[in-house]
Amino acid sequence: MIIRIINHSFHFECECLCRVFYPNEKINLIYDMSGSDPLTVTTKYEGNVVSADLDINGEKRFYQMETDEENAELHLCQLIFKGLCELTGYTPPWGLLTGVRPSKLLLHLMDDLGEEGAVNYFNNEFMVNPVKTDLALKVARNEDEIVKSAKPESFSLYVSIPFCPSRCSYCSFVSHSIANGNAKKILIDYINKLAEELAYTGSIARENGLQLESIYFGGGTPGILEPSQLDMLQCTIEQNFNLDHLREYTVEMGRPDTITPDKLRVLRLHNTDRISINPQTFNQETLDLVGRKHTVEQAVEAYRLAKSYGFRCINMDLIAGLPGENFENFKDSLDTAMMLSPENITVHSLALKRSSNLNKDGAQVADGKEAGKMLEYASLMLPKMNYSPYYMYRQQKCVGNLENVGWCKGDTKGFYNVVMMEESHTVIAVGAGGVTKLCHQGSNKVDRIFNYKYPFEYISGFDVILDRKKGITDFYRKDVT
């Protein structure tokens, strides 16, 4: 696909919008009138007029609109969207929005325009389907109290465990299967270095008077850790961080086949109050197809075992649009999850990430319309079972340009999920692939500090990682307001 960019700098949004309609096409940006392709979009901004000239497999559309400098990008995207909807017969429900955080955008618009004005802007200017606008509004309302509770000294701690029992076909995370002998060997060194980074990070938090409000062990699959390794890491946190203000302590156990009584006992001894058990589907054929080495029965048994240990909140993840699955398969999985009645259910849309085996192998997955039906069913049934949407995010190359939504019963919102997605307070990350996000209170500005991506790099470059952590102190010594 070719996108011609003539006399403007809006190439990023033009490309993102075209990718919504053509997620698997290679897109070439050209800054003159050269080049030819069966899929061509020519965009111009001249004087006070924006125009979009579309030639899609021989069918053509041309649109133009008077505009001004402030609104030129928005108006150009509206023209592209209108033309691609007509030419493809598909109207993406999120309209022009291609960003990760629609609820955060809506919250900011509500501050400027009020709730009614923000809703109208979503529907009319961003061309969002009113059903999706309503979903974003419900999420924004549920997030508002947590977002507004952030103080300049607030922070959360993310602990990265980038190892899994096996690699799922749809996975694009930095995650190593411990079935690989090298990965199993490196895990021991990794855990020791992780404990060192935790201790160092705790000293930085104390020096800067930071207040720890949530902890999140993510992955990968933290459940692959042995009870003694979980205990060691959690002891290290207790010894180096002040937990007096902790509002939530989550360990994303992940695979049901990693969950044992001894591990759950360790978690409860360290006051972990929220865990995730992620079946992704309750269809055994799909589990086998995507490379998850557990059974449906193991997922149910793991959940019931965890319930017996008295966790305040258990989350279960499901994915809409998995290979080989249709609406009925997803419906059965969601019905099973609702029957088990965990406090949180998170419904993800499958993301066809470039580095995943699923994408490389060209597997057949549900299209946007089928995946959309799955999410519509979730949005219809979960409220009837007393769940409400409390956080939401979107990813590039999700089927149908759809969304991921966390649903909660009562007052069981995942605190970390909200602050991470809305970037309402600082998140300090430790471990391979961790990204520390230093949030400037009262603005959208976020400074980032990156750890090395892969475990072997993390270990070999550990001194560099500790040196980068000094950037946290530099940040808090400035006037960040």
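Our structure's up above, just so we're on the same page.
The text that follows walks through the structure, step by step, so that each part is easy to find. The structure displayed is predicted, hence computed values, not measured ones. (Residues numbered from 1 in each chain as written. Predicted model: local features only at pLDDT ≥ 70, side-chain atom pairs only at ≥ 80, totals over all residues. Heavy atoms only, no water.)

### Overview of the overall build of the protein
Then comes step 1: When its secondary structure is counted, the protein shows 16 helices and 18 strands.
Then comes step 2: In terms of overall dimensions, the protein is globule-like: its C-alpha atoms have a radius of gyration of 23 Å, near the 23 Å expected for 481 residues.
Then comes step 3: Based on the C-alpha atoms only, the size of the protein along its principal axes is roughly 65 × 55 × 45 Å.
Then comes step 4: Each of the 481 residues in the protein was classed as buried or not, and the buried ones make up 57%.
Then comes step 5: When contacts within the protein are restricted to residue pairs at least 6 apart in sequence, long-range pairs at least 24 apart make up 71% of them.
Then comes step 6: Distance from the positive charge centre (50 side chains) to the negative charge centre (63 side chains) of the protein: 4 Å. (Helix = DSSP H or I, 4+ residues; strand = E, 2+ residues; numbered from the N terminus. Rg over C-alpha atoms; globule rule 2.2 N^0.38 Å. Buried < 20%, exposed > 50% of the residue type's maximum accessible area, 1.4 Å probe, protein only. Contact = heavy atoms within 4.5 Å. Lys, Arg positive; Asp, Glu negative; His and termini not counted. Charge placed at Lys NZ, Arg CZ, Asp CG, Glu CD.)

### Comments concerning helix H16 (residues 470-477)
Then comes step 1: Within H16, the full set of buried residues consists of Ile472, Thr473, Phe475 and Tyr476. Angular distribution of buried residues about the axis of H16 spans 160°; they occupy a single face of the element. (Arc of directions from axis to C-beta.)

### Quick word on the packing of aromatic side chains
Then comes step 1: Summed over the entire model, instances satisfying the criterion amount to 16 aromatic pairs.
Then comes step 2: Between tyrosine 158 and tyrosine 216, the aromatic rings sit 6.1 Å apart at their centres with planes inclined by 15°, giving stacked as the arrangement. One end of the pair, tyrosine 158, is in strand S6 (residues 154-161); the other, tyrosine 216, is in strand S9 (residues 211-219), with 58 residues separating them in the sequence. You'll find tyrosine 158 and tyrosine 216 in the same group, each marked buried.
Then comes step 3: Members of the aromatic cluster, connected to one another through ring pairs, are Phe163, Tyr190, Tyr458 and Phe462.
Then comes step 4: Over the aromatic face of phenylalanine 311 sits the side chain of arginine 268, whose NZ or CZ is 5.3 Å from the ring centroid. (Phe/Tyr/Trp six-rings, centres within 6.5 Å; stacked < 30°, edge-to-face > 60°. Lys NZ or Arg CZ within 6 Å of the ring centre and 35° of its normal.)

### So, the sheet that holds strand S2 (residues 28-30)
Then comes step 1: What the 5 strands build is an open sheet, ordered S2-S1-S3-S4-S5; its pairing is mixed. Whereas interior strands pair on both sides, the edge strands pair on one side only; in this sheet they are S2 and strand S5 (59-66). The mean inter-strand angle of the sheet, taken between neighbouring strand axes irrespective of direction, is 15°.
Then comes step 2: The pairing of strand S3 (residues 39-46) with strand S4 (residues 49-56) spans 8 bridges and is antiparallel. Across the sheet, the residue bridging to threonine 40 is aspartate 55, located in S4.
Then comes step 3: Helix-sheet contacts for helix H1 (residues 11-21) involve strand S1 (2-6), S2 and S3, and the interaxial angle to S1 is about 155°.
Then comes step 4: Contacting S3, S4 and S5, helix H2 (residues 72-88) runs over the sheet at an angle of about 25° to S4. (Pairing = 2+ DSSP bridges. Axes fitted to C-alpha atoms, helices over the stretch in contact; angles between N-to-C directions.)

### What to know about the packing of helix H3 (residues 102-124) against helix H4 (residues 130-148)
Then comes step 1: Between H3 and H4, whose axes approach to 10 Å, the crossing angle comes to 140°. One way to sum up the angle between H3 and H4 is to call them oblique. Regarding H3 and H4, the two cross each other, and that crossing is left-handed. Each of Ser103, Leu106, Leu107, Met110, Glu115, Val119, Phe122 and Asn123 in H3 lies in contact with H4, whose residues at this interface are Pro130, Thr133, Ala136, Leu137, Val139, Ala140, Arg141, Glu143, Asp144 and Val147. (Parallel < 35°, antiparallel > 145°, perpendicular 65-115°, else oblique. Left-handed = near helix turned anticlockwise from the far one by under 90°.)

### Topic: the side chain of lysine 263
Then comes step 1: The topology assignment puts lysine 263 in helix H7 (residues 261-269).
Then comes step 2: One buried charged side chain, lysine 263, makes no salt bridge at all; its nearest oppositely charged neighbour is glutamate 226, positioned 5.6 Å away.
Then comes step 3: There is a polar contact of 2.6 Å between the side chain of lysine 263 and the backbone oxygen of glycine 223.
Then comes step 4: Once residues lying within four places of it in the same chain are set aside, the contact partners of lysine 263 are Gly223, Ile224, Leu225, Glu226, Pro227, Leu230, Met253 and Thr258. (Salt bridge = Lys/Arg side-chain N within 4 Å of Asp/Glu carboxyl O. Polar contact = N/O pair within 3.5 Å; in protein donor to acceptor, adjacent residues only side chain to side chain.)

### Some details on the pairing of strand S15 (residues 404-409)
Then comes step 1: A large share of S15 lies buried, amounting to 5 of its 6 residues.
Then comes step 2: Across 6 bridges, the pairing between strand S14 (residues 387-393) and S15 is antiparallel. Of the residues in S15, the one forming a bridge with proline 389 is tryptophan 407.

### Observations concerning the side chain of lysine 437
Then comes step 1: For lysine 437, the position within the fold is in strand S17 (residues 435-439).
Then comes step 2: Here lysine 437 is in contact with Arg101, Met420, Glu423, Thr426, Val427, Val446, Asp447 and Arg448, once residues within four sequence places are set aside.

### Considerations on empty space enclosed by the protein
Then comes step 1: Using the criterion set out here, one finds 1 cavity of 30 Å³ or more in the structure.
Then comes step 2: Within this model, the largest cavity holds a volume of roughly 60 Å³.
Then comes step 3: At 3 residues, the largest contribution of residues to the lining of the largest cavity is made by helix H12 (residues 368-384).
Then comes step 4: Residues of the lining of the largest cavity, tallied by class, amount to 6 nonpolar, 1 polar and 1 charged. (1 Å grid on protein atoms, 1.4 Å probe; cavity = no way out; pocket = protein on both sides within 12 Å on 5 of 7 lines; lining within 4 Å. Points joined across faces, edges and corners; volume = space filled by probe spheres on them. Nonpolar A, V, L, I, M, F, W, Y, C, P; charged D, E, K, R; others polar.)

### Considerations on the pattern of salt bridges
Then comes step 1: The final tally for this structure, using the stated rule, is 21 salt bridges.
Then comes step 2: Put simply, arginine 19 and glutamate 15 hold a salt bridge, and the shortest N to O gap is 2.6 Å. Of this pair, arginine 19 and glutamate 15 both sit in helix H1, separated by 4 residues, roughly a single helical turn.
Then comes step 3: Residue classification places arginine 19 among the partly exposed positions, given a relative accessible area of 21%.
Then comes step 4: A salt bridge links lysine 437 to glutamate 423, with the shortest nitrogen-to-oxygen separation between them at 3.8 Å. Highlighted residues: lysine 437 in strand S17 and glutamate 423 in the loop between helix H13 (415-422) and strand S16 (426-430), separated in sequence by 14 residues.
Then comes step 5: Each of Arg101, Lys104, Glu423, Lys437 and Arg448 takes part in one network of salt bridges that share partners.

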